[in-house]
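As a plain string of letters, each chain reads:
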Amino acid sequence: GIQVEQSPPDLILQEGANSTLRCNFSDSVNNLQWFHQNPWGQLINLFYIPSGTKQNGRLSATTVATERYSLLYISSSQTTDSGVYFCAVVDAGANNLFFGTGTRLTVIP
Amino acid sequence: ETGVTQSPTHLIKTRGQQVTLRCSSQSGHNTVSWYQQALGQGPQFIFQYYREEENGRGNFPPRFSGLQFPNYSSELNVNALELDDSALYLCASSLAGTSGYEQYFGPGTRLTVT
C-alpha cells in the first residue's frame, strides 16, 4: 500500500512563531487531506488539497503532486494550535484514507 | 448542515463481549467509512459502506462487521472483543464512494476492553 511519512514527529514552538509541517507520499494520489486532532480526539478538516495551494487564515497548504509531497504552514502560532496534525491520502486504487504518523505540535505561551 | 455524529461517546466492555457503535453521516452524504485509532497512532481503515453495501475493507478480521441503513447511517459491530480492540473508533462520511471526495469525521467513540 501507499506509504505516508510526516515530519517532524514532534515540534515545540513559542506562541507567535511560524512552522512548516511536511508530508511525503510514495505514489500518485486522488485525495490529500490535512487534519488537526484536538485533545478530545476530534479530527478537524483543515484542507482538502490533492494539488495546488490553499490558504485559510493563518494556515496555508501546498501540494506538489508530481513530486509527491505536501506542506502545511502555520503562521503566528497560538496555544490553541496545539495537537496532532495528520496528513492523509487516497491512492488511485482505493477509496479509503491512509494516514501518516502525525506531527505533535505544542505551542507554549 | 448537520455534521457527523457518533454514539456512544465512551464505552467499557469485557473481553469476549460484543459491541455496536453507531454513526450518522453528514446531511447530503451517502458514504460512511470506519477507522480505528490506537493510542499514539494514526487512524487505520476498517471498511467503507456505500449504498448499503461494503465498498472496501482494510486488514481487519471478520469479527469486525458493519451495516449501512437507507438513511445512510451506519453501525460497526465487533464480536469476541479482545484487549487490543481498545481504541478510538472514528466514523467519516463523504459525498460518494469514490476516492476524490473529502471525508468528514465524527467525534469518535472511545472503547475500552478490560
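Below: a short report on this structure. (Residues numbered from 1 in each chain as written. Chains lettered and ligands numbered in written order. Predicted model: local features only at pLDDT ≥ 70, side-chain atom pairs only at ≥ 80, totals over all residues. Heavy atoms only, no water.)

### What about the nonpolar core?
Quick note on the threshold: In this text, buried Ala, Val, Leu, Ile, Met, Phe, Trp, Tyr and Cys residues form a nonpolar core when linked through side-chain atoms within 4.5 Å. Only protein chains enter the accessibility calculation, which uses a 1.4 Å probe; a residue whose area is less than 20% of its type maximum is buried, one above 50% is exposed, and one in between is partly exposed. Strands here are runs of E lasting at least two residues and helices are runs of H or I lasting at least four, both read from the DSSP assignment and numbered beginning at the N terminus.
Of all hydrophobic cores here, the largest spans 22 residues; its most connected members are A:Trp34, A:Leu72 and A:Val89. For this core, the elements supplying multiple residues, two or more each, are strand S2 (10–14), strand S3 (19–25), strand S4 (29–37), strand S5 (43–48), strand S7 (59–64), strand S8 (69–74), strand S9 (83–91) and strand S11 (103–108) of chain A. Counting residues in hydrophobic clusters, the runner-up holds 20 residues, among them B:Val19, B:Val32, B:Phe60 and B:Val78.

### Side note on unusual backbone geometry
In this chain, A:Ser7 is followed by A:Pro8 through a cis amide linkage whose omega measures -10°. Cis peptide bonds are those with omega within 30 degrees of zero, and the linkage from B:Ser7 to B:Pro8 qualifies with -10°. In this structure, B:Tyr72 takes a positive phi of about 75° despite not being glycine. Summarising the element assignment, B:Tyr72 is placed in the loop between strand S7 (64–68) and strand S8 (74–78). Overall, the relative accessible area of 33% leaves B:Tyr72 in the partly exposed class.

### Some words on the sheet that holds strand S3 (residues 19–24) of chain B
Residues and elements named next belong to chain B. Spelled out, the test is: At least two DSSP bridges between two strands are required for those strands to pair. In this analysis an axis means a line fitted to C-alpha atoms, helices contributing only their contacting stretch, and an angle means the value between N-to-C directions, from 0 to 180 degrees.
In space, the four strands of this open sheet follow the order S1-S3-S8-S7, with antiparallel pairing throughout. Lying at the two open borders of the sheet, with one neighbouring strand each, are strand S1 (5–7) and S7. Across this sheet, the average inter-strand angle for adjacent strands is 20°, counted without regard to direction.

### Digging into the packing of aromatic side chains
Aromatic ring pairs: the centre-centre distance and the angle between the two ring planes describe each pair. Our working rule: Only centres within 6.5 Å qualify two rings of Phe, Tyr or Trp (six-membered ring in Trp) as a pair; their planes then separate them into stacked at under 30 degrees, edge-to-face at over 60, and tilted for everything else. The criterion is that NZ of a Lys, or CZ of an Arg, lies within 6 Å of the ring centre and within 35 degrees of the ring normal, and then a charge sits over that ring.
Counted according to the given criterion, the structure contains nine aromatic pairs over all chains. Where B:Phe47 meets B:Tyr49, the ring centres are 5.4 Å apart and the plane angle is 85°; that geometry is what we call edge-to-face. Overall, the relative accessible area of 0% leaves B:Phe47 in the buried class. Three or more aromatic residues joined by ring pairs make a cluster, and in this case those are A:Phe35, A:Phe86, A:Phe99, B:Tyr35, B:Phe45 and B:Phe105. One residue, A:Arg22, lies across the ring of A:Tyr69, its end atom 4.2 Å from the ring centre.

### Focus: the pattern of salt bridges
Residues and elements named next belong to chain B. For the record, the criterion: Salt bridge criterion: a side-chain nitrogen from Lys or Arg within 4 Å of a carboxyl oxygen from Asp or Glu.
Taken as a whole and assessed by the stated rule, the structure comprises five salt bridges over all chains. The partner of Arg22 in a salt bridge is Glu75, and the shortest N-O contact between them spans 3.6 Å. With Arg22 in strand S3 and Glu75 in strand S8, this residue pair connects regions lying 53 residues apart in the sequence. Among the residues examined, Arg22 registers a relative accessible area of 41% and is labelled partly exposed. Overall, the relative accessible area of 15% leaves Glu75 in the buried class. Here Asp85 makes a salt bridge to Arg63, at a shortest N to O gap of 2.8 Å.

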